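Results of the structural survey
If you want the building blocks of each chain, they are given just below.
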Amino acid sequence: DKGNHRHFMVKEIHEQPEVVGHALAHYLDLARGEARLPEGLDFAKADRLAITACGTAYYAGFVAKYWFERLARLPVDIDIASEFRYREQPLSKDGITMVISQSGETADTLASLRYARSEGQRIAAVVNVRESTIAREADVVLPLLAGPEIGVASTKAFTAQLAVLAATAIGAGKARGVLSGTEEASLVRAFSEVPRLMHEALKLEPQIEALARELSKVRHCLYLGRGTSYPIALEGALKLKEISYIHAEGYAAGELKHGPIALIDEEMPVVVIAPHDRLFEKTVSNMQEVAARGGRIILITDPAGRDAAAIDTVETIVLPAMPAAVTPLVYAIPVQLLAYHTAVIMGTDVDQPRNLAKSVTVE
Ligand code: M6R
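Overview of the structure. A quick note: this is a predicted structure, and the numbers were derived from the prediction, not measured. (Residues numbered from 1 in each chain as written. Predicted model: local features only at pLDDT ≥ 70, side-chain atom pairs only at ≥ 80, totals over all residues. Heavy atoms only, no water.)

**Here we look at the overall build of the protein**
As a reminder of what qualifies: Elements are defined by DSSP. Helices are runs of H or I of four residues or more, strands are runs of E of two residues or more, and each kind is numbered from the N terminus. Summary of the burial criterion: residues with accessible area below 20% of their type's maximum are buried, those above 50% are exposed, and those between are partly exposed, where the area comes from a 1.4 Å probe applied to protein chains only. Two residues qualify as a contact provided that any one of their heavy atoms is within 4.5 Å of a heavy atom in the partner residue. Exposure was quantified through the Shrake-Rupley algorithm and a 1.4 Å probe, taking into account, for residues, occlusion by the shown protein chains and nothing else. The charged-residue count follows a simple rule in which Lys and Arg add positive charge and Asp and Glu add negative charge, with His and chain termini not counted at all. Charge placement uses NZ in Lys and CZ in Arg. For Asp and Glu, CG and CD serve respectively.
For the protein, the helix and strand inventory stands at 14 helices and twelve strands. Considered along the principal axes of its C-alpha atoms, the protein spans approximately 55 × 45 × 45 Å. A buried classification covers 59% of the 363 residues belonging to the protein. In the protein, the proportion of contacts linking residues at least 24 apart, taken out of those at least 6 apart, comes to 75%. On the protein, roughly 14700 Å² of surface is accessible, and the fraction owed to carbon and sulfur atoms is 49%. Across the protein, the 38 positively charged side chains and the 46 negatively charged ones have centroids separated by 2 Å.

Put into structure tokens, the structure is as follows:
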């Protein structure tokens, strides 16, 4: 039931504060300021974490790589499941493999799980569908508790995946002696603010819809970000191409001058995802390079970023200031809304985009 929403996708976008709040309440003890690690995952002893998934779930894993490396000092290999399953990579006996899948039925992700098992790895599965094949075959299941996701373009499953992965990374940081109790508590507090911050992000929908009107006229679009905003750029580009059929590419902002800058002209809008963090100044120089070539920029940032960017050809979507660790969950929302409204304006079938299936059970 879509309730009073026009599509399942936008209904699911609006459910995110609640869905993420629910996942966080399950994986974090907000009162004690602690992360609850699932039983059967010994991050203290693990020497490596391999994360594998497809599509949007892969981008959630890509964000988690930054979290696990920074908060838990645990080296992470992230790979697309269709590559992981065939590469015949050696996996150590003390390693953990984490597979991420909304449906729990994605063929390549399941095959990757089976490969990792054959290498003697401990398997954790982040899944939405509890009765799925991937959930049944994993050693440890981390449910998303997001409720059924109907829109083919994944939205609430993505942010729920991020919530579960963030909590797990915090728990791993504590277990590995990297985070002190105080640091753990302050991260837990930061994440407990995410549902409220997501509500603030959703309030920007009218402005985003107006920007979508412009975006619906273009044929190509570039998304840039650094740090955890890089996978959010990849996810933003995927969302736009899936439902609006506009050709979109996500790039690490630092790669701009290694190729994609050749594409920049007045007809190529660039969506820049850049909270005012320790990498912001570097992204500003990338924006200047785009502006100097007549490229139009949609900057998604916070008040400090808006003030510091000061470039003429910029449209700015301003989110509240927030701790760096939580930005991926909140910045996902404007990126989803931009894709959604662009597609609605273009008149495509948002919930059932052409050529796509909700669950990809063949390779
Ligand atoms: O069910 P899964 O999470 O394993 O699905 C993975 C991808 O097929 C999925 O995320 C796909 O990329 C979506 N259409 C993204 O919106």
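Having seen the structure, we can now continue with the description.
**Here we look at the sheet that holds strand β11 (residues 297-301)**
Our working definition: For two strands to pair, DSSP has to find at least two bridges joining them. Throughout, an axis means a line fitted to C-alpha atoms (over the contacting stretch in the case of helices), and angles, computed between N-to-C directions, take values from 0 to 180 degrees.
The parallel open sheet is built from five strands, whose spatial order is β9-β8-β10-β11-β12. Every interior strand has two partners, whereas the edge strands, β9 (247-252) and β12 (314-318), have only one. With direction set aside, neighbouring strand axes in the sheet form an average angle of 20°. Two strands pair when backbone bridges link them, and strand β10 (residues 270-273) and β11 are joined in this way by four bridges, in the parallel orientation. Residue pairing for β11: Val272 is matched across the bridge by Leu299. Sheet contacts for helix α10 (residues 205-215): β8 (220-225), β11 and β12; angle to β12, the most-contacted strand, approximately 150°. Lying over the sheet, helix α11 (residues 229-244) contacts β8, β9 and β10, oriented at roughly 175° with respect to β9.

**Considering the packing of aromatic side chains**
For clarity, the cut-off: The rule is short: rings of Phe, Tyr and Trp, with Trp giving its six-membered ring, pair when the centres are within 6.5 Å, and they are stacked under 30 degrees, edge-to-face over 60, tilted in between.
Under the criterion given, the structure shown has seven aromatic pairs. Geometrically, the ring pair formed by Phe62 and Tyr230 is edge-to-face, given 5.3 Å between the ring centres and 70° between the ring planes. Linking Phe62 in helix α3 (residues 55-72) with Tyr230 in helix α11, this pair joins segments that are 168 residues apart in sequence. Judged by relative accessible area, which is 11%, Phe62 ranks as buried. An aromatic cluster is defined as three or more aromatic residues linked by ring pairs; in this entry it consists of Tyr58, Tyr59, Phe62, Tyr66 and Tyr230.

**Points about the layout of surface pockets**
Selection rule: Definitions used throughout: a 1 Å grid over protein atoms alone; a cavity as a set of points that fits a 1.4 Å probe which cannot get out; a pocket as an open set with protein on both sides within 12 Å along at least five of seven lines; a lining residue as one with an atom within 4 Å of a point. Grid points are joined across faces, edges and corners, and a volume is the space filled by probe spheres set on the points. Each residue is assigned to one class: nonpolar for Ala, Val, Leu, Ile, Met, Phe, Trp, Tyr, Cys and Pro, charged for Asp, Glu, Lys and Arg, and polar for all the others, Gly among them.
Estimates place the volume of the largest pocket at around 520 Å³. Along the walls of the largest pocket sit 25 residues, with Cys54, Gly55, Thr56, Lys358 and Val360 positioned nearest its centre. Residue assignment for the lining of the largest pocket shows that the elements contributing at least two residues are α3, β5 (96-101), α5 (107-118) and α11. Of all the elements, α3 adds the most residues to the lining of the largest pocket, at three residues. Of the residues belonging to the lining of the largest pocket, the class tally is nine nonpolar, eleven polar and five charged. Here the second largest pocket is characterised by a volume of approximately 390 Å³. In this structure, the second largest pocket is lined by 19 residues; those nearest its centre are Arg70, Thr228, Arg278, Ala324 and Ala325. Going through the elements one at a time, α3 and α8 (181-192) are the ones with two or more residues in the lining of the second largest pocket. In terms of residues, the lining of the second largest pocket owes the most to one element, α3, which gives five residues. Class assignment of the residues belonging to the lining of the second largest pocket gives a composition of ten nonpolar, four polar and five charged.

**Concerning the site of the ligand**
Definition in use: Residues are labelled near a given molecule or strand when at least one of their non-hydrogen atoms is within 4 Å of it. Think of a polar contact as two N or O atoms within 3.5 Å of one another; within protein, one of them needs to be a possible hydrogen donor and the other a possible acceptor, and neighboring residues in sequence only count if both atoms come from side chains. Grid points define the cavity or pocket, and a molecule sits in it when more than half of its atoms lie within 2 Å of them.
For the ligand, the set of nearby residues contains 13 residues, the closest of which are Ser101, Gln102, Ser103, Thr106 and Glu242. Backbone polar atom of Ser154 to an oxygen atom of the ligand: 2.9 Å apart, as the coordinates give it. When the ligand is considered free in solution it has 420 Å² of accessible area, and contact with the protein chains removes 90% of it. Here the ligand is seated within the largest pocket. Elements supplying a minimum of two residues to the shell around the ligand: α3 and α11.

**A closer look at the sheet that holds strand β7 (residues 140-143)**
Taken together, five strands build an open sheet; the order of strands is β4-β3-β5-β6-β7 and the sheet is parallel. Two strands close off the open sheet at either side, each with one partner strand: β4 (76-80) and β7. Neighbouring strand axes in the sheet, compared pairwise and without regard to direction, differ in orientation by 20° on average. For strand β6 (residues 122-127) and β7, the ladder comprises four bridges, and the chain directions are parallel. Bridge pairing in β7 links Val127 to Pro143. Docked against the sheet, helix α7 (residues 156-175) engages β5, β6 and β7, running at close to 160° with respect to β5.

**Describing the pairing of β12**
Put simply, the test is: With strands facing away from the observer, any crossover in which the path from the first strand over the helix to the second runs clockwise is taken as right-handed.
Sheet analysis places β11 next to β12, joined by five bridges and oriented parallel. In the strand pairing of β12, Ile300 is matched with Ile317. In the classification by handedness, the crossover that spans β11, the intervening helix α13 (residues 303-309) and the parallel β12 is right-handed.

**Remarks on unusual backbone geometry**
What is expected of a backbone is that most residues other than glycine have negative phi and most peptide bonds are trans. The phi torsion at Glu88 lies on the positive side, around 55°, for a residue other than glycine. As for its position among the elements, Glu88 is in the loop between α4 (81-84) and β5. The backbone of Asn355 shows a phi angle near 70°, a positive value even though the residue is not glycine. Relative to the assigned elements, Asn355 resides in the segment after α14 (327-346).

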